[in-house]
Amino acid sequence: TPIRTDATPFSDDQTDAILADFRRDGYRLIPGVLQPDEVAALRAAADRVFDDPRFADNLYAPYIAVRLFETDPVFEEILTREPIITLLERLLGADCHLVAQNFVRNDPGTAIDTFHVDDTLFFPVGEGMERHDPRVPMPVFLATVQIPLTDIEADEYGPTQFVPGSHASGR
């Protein structure tokens, strides 16, 4: 298997710190989780999905593949890769489940390139409110795990930007 099965979760202290940052900022970058051979395996599997006509039903757009767990065992294996799975179970609960497993191939000029809410806005701010009170923790009903398969050294190398605290904006 190209995905490591011997990887371990972060320590409880590391996990607590990561999740505290996530709850405060609405995201948390965790570099260096996957090994180069795992990244290569995921890239190769993604290329096969985009290139193989058998997976036409898995293409949402020319640059978005969906339900990847249907296409290649490597996508199934990444779902339980440590430390990712333990972080998600601590955040969402042990009975959390997969909603989607997508791949976005962001070639120049073909990308999702606007700021957007990834899903439903669960807690809009009330009339006259500028934003939610940061002292009140926002419940987390879903989380998106984004795994870049290329280095993103600057904005022009990748589509992923986050606005710290925007999860509490209510908009």
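Below or above, wherever it landed, is the structure these notes cover. (Residues numbered from 1 in each chain as written. Predicted model: local features only at pLDDT ≥ 70, side-chain atom pairs only at ≥ 80, totals over all residues. Heavy atoms only, no water.)

1. Concerning the environment of Val117
- With respect to the secondary-structure elements, Val117 resides in the segment after strand 3 (103–104).
- Taking the relative accessible area as the measure of exposure, Val117 reaches 44% and is therefore partly exposed.
- Distance in space between the C-alpha atoms of Val117 and Glu89 is 22 Å, their sequence separation being 28 residues. (Helix = DSSP H or I, 4+ residues; strand = E, 2+ residues; numbered from the N terminus. Buried < 20%, exposed > 50% of the residue type's maximum accessible area, 1.4 Å probe, protein only.)

2. Comments concerning the sheet that holds strand 1 (residues 59–61)
- With antiparallel pairing, three strands are arranged side by side in an open sheet as 1-2-3. Bordering the open sheet on either side are strand 1 and strand 3, each of which pairs with just one other strand.
- Relative to strand 2 (residues 64–65), strand 1 is paired through two bridges, and the arrangement is antiparallel. Paired with Ala61 across the two strands is Ile64, which belongs to strand 2. (Pairing = 2+ DSSP bridges.)

3. A short note on the pattern of salt bridges
- Taken as a whole, this structure holds twelve salt bridges when the rule is applied.
- Two residues, Asp133 and Arg135, come together in a salt bridge whose shortest N-O distance is 2.5 Å.
- Overall, the relative accessible area of 28% leaves Asp133 in the partly exposed class.
- Judged by its relative accessible area of 72%, Arg135 is exposed.
- Ionic contacts of the salt-bridge type, sharing partners, join the residues Asp21, Arg24, Asp25 and Arg28 into one network. (Salt bridge = Lys/Arg side-chain N within 4 Å of Asp/Glu carboxyl O.)

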